[in-house]
Amino acid sequence: MNNSLRKGLIVLLLVAPVAIFAAPLPSSVRPAIPAQVQQLICVDYRALKNSDTAQQLKEQVLPENLKQFETALKGIGVSTERDVDTLTFVSYRQPKQGVQIVGAAQGVFSLKTVTAKLRLKKIKPVKYHDSDIYPMSEGMEMTFLDETTLLFGGGPALRGAIDARDGYVQTLDSNPDIANMISDVESGAVWSILDQKGTQNMMLSALGDASRLADYDTIKKHIIGSRYTMNFNSGVNFDMDVLTSDSYTAGMLSSFFKMGMIYKKANASPVEKAALEDVSVNSDSSKFQLHFKANDKQFQSLIHTPLFAAVSR
């Protein structure tokens, strides 16, 4: 599993949604997503304040790139805890430059407030197309997509997203395999979409030894992508759909995963075995589905086990 995918999966597990919260993809962000998107994650950041489990999870596995995002935002006077409602993370593949990551923060801050603080610090923008780009800490840069939405990231990543927004490269809407999955998950407080290659790698890692006993190399060609949601309304609920081209592939993935769970249980700790007992897998038409549910106490114990480390890193 590559670094960007691992980090993306970790970010997915960082927050604790509540039923009244949701993180739809902001309309200002969608046009700035290049077509070659690898992973898309939306987080209702307000939900972080509403669960002790989420706070423990954040402290345990907060990835370095998210720390950098938060530090960079604080450097321009934006507090993720106070000012940010929704965070969107986009990983996309850029020709000759590999995977790029940009973040978008939407909240109660405003263009006028932030730019006024930047002027006081004598930080001046540079023009790229029609956008004003400002330097941030941690080697990042930022621009406003609208009055209350910041786009930020490393220079090449940020400019690639602006190129998409300004029509210089194709956008998310020209990639139906990804775009068509969004409507089914964006009502969740935390959700993620992963492309074909990323899903293939994720499933290979999750299957472990079971993938060596089956013809996974043939099966993986029929994997289209995956989507995830997590909520903490009543304990912890995690749901994943892996979309495939046919019911046979979905059924085989279900069988492989059940086989992998048997292998993991053989060497698992009591806490890990209890967690695995709460994992259910099945196939529904061309979808492989996984569901995990645990109470807060069970999940907080699971955070510190090798099993959780294997899933989250």
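Counting from 1, residues in each chain are numbered in the order their sequence is written. This being a predicted model, a pLDDT of at least 70 is required before a residue's local features are given, and a value of 80 or more before pairs of side-chain atoms are given or counted; all residues contribute to the totals for chains, interfaces and linings. Each side-chain value is derived from all of the structure's non-hydrogen atoms; neither hydrogens nor water enter the calculation.

1. Focus: the environment of Thr-113
What counts as a helix is a DSSP run of H or I of at least four residues, what counts as a strand is a run of E of at least two, and both are numbered from the N terminus. Tracing the chain through its elements places Thr-113 in helix H5 (residues 111-120). Classification of Thr-113 as partly exposed rests on a relative accessible area of 40%. Each C-alpha atom of the pair Thr-113 and Gly-77 lies 9.0 Å from the other, and the pair is 36 residues apart in sequence. Burial classification: accessible surface area is computed with a 1.4 Å probe over protein chains only, and a residue below 20% of its type maximum counts as buried, one above 50% as exposed, and the rest as partly exposed.

2. What about the packing of helix H11 (residues 247-266) against helix H12 (residues 270-277)?
Relative orientation and spacing of two packed helices are given, respectively, by the angle between their axes and the distance between those axes. Packing of H11 against H12 leaves a shortest axis separation of 9 Å and a crossing angle of 160 degrees. Viewed along their axes, H11 and H12 adopt a mutual orientation that is roughly antiparallel. Seen from above, H11 lies across H12 with left-handed handedness. Only Lys-273, Leu-276 and Glu-277 of H12 make contact with H11, whose side of the interface consists of Met-261, Lys-264 and Lys-265. Each residue gets one label: Ala, Val, Leu, Ile, Met, Phe, Trp, Tyr, Cys and Pro are nonpolar, Asp, Glu, Lys and Arg are charged, and the others, such as Gly, are polar. Residue classes in the contact of H11 with H12 are distributed as 2 nonpolar, no polar and 4 charged. To get an axis, fit a line to the C-alpha atoms, keeping to the stretch in contact for a helix; angles then go from 0 to 180 degrees between the N-to-C directions. Small angles under 35 degrees read as roughly parallel and large ones over 145 as roughly antiparallel, with 65 to 115 read as roughly perpendicular and the rest as oblique. Working rule for handedness: look at the near helix, and if it is turned counterclockwise from the far one by less than a right angle, call the crossing left-handed; if clockwise, right-handed. We call two residues contacting when some pair of their heavy atoms lies within 4.5 Å.

3. Let's talk about H12
Since the α-helix turns once every 3.6 residues, residues separated by three or four places project in the same direction. Taken together, the buried positions of H12 are occupied by Glu-272, Ala-275 and Leu-276. Down the axis of H12, the sector holding all buried residues measures 100 degrees, keeping them to one side. Opposite the packed face of H12, turned more than 90 degrees from it, sit the exposed residues Pro-270 and Glu-277. In this context, the arc is that of the directions from the helix axis out to the C-beta atoms.

4. Section: the sheet that holds strand E4 (residues 126-128)
Should DSSP find at least two bridges between two strands, the strands are regarded as paired. The 12 strands are arranged E4-E5-E6-E7-E3-E2-E1-E8-E9-E10-E12-E11 in an open sheet whose pairing can be described as antiparallel. Two strands bound the open sheet, and with one partner strand each, they are E4 and strand E11 (279-284). Shown here is a sheet whose adjacent strand axes are inclined to one another by a mean of 20 degrees, direction ignored. Across 2 bridges, the pairing between strand E5 (residues 131-135) and strand E6 (residues 141-146) is antiparallel. If you follow Tyr-134 over to E6, its bridge partner there is Met-142. Helix H6 (residues 155-165) rests against strand E2 (84-94), strand E3 (98-107), E4, E5, E6 and strand E7 (149-153) of the sheet, and its axis sits at about 20 degrees to E6. With respect to the sheet, helix H8 (residues 196-207) is in contact with E2, strand E8 (190-194), strand E9 (223-231), strand E10 (236-244) and strand E12 (287-294), its orientation differing from that of E9 by roughly 70 degrees.

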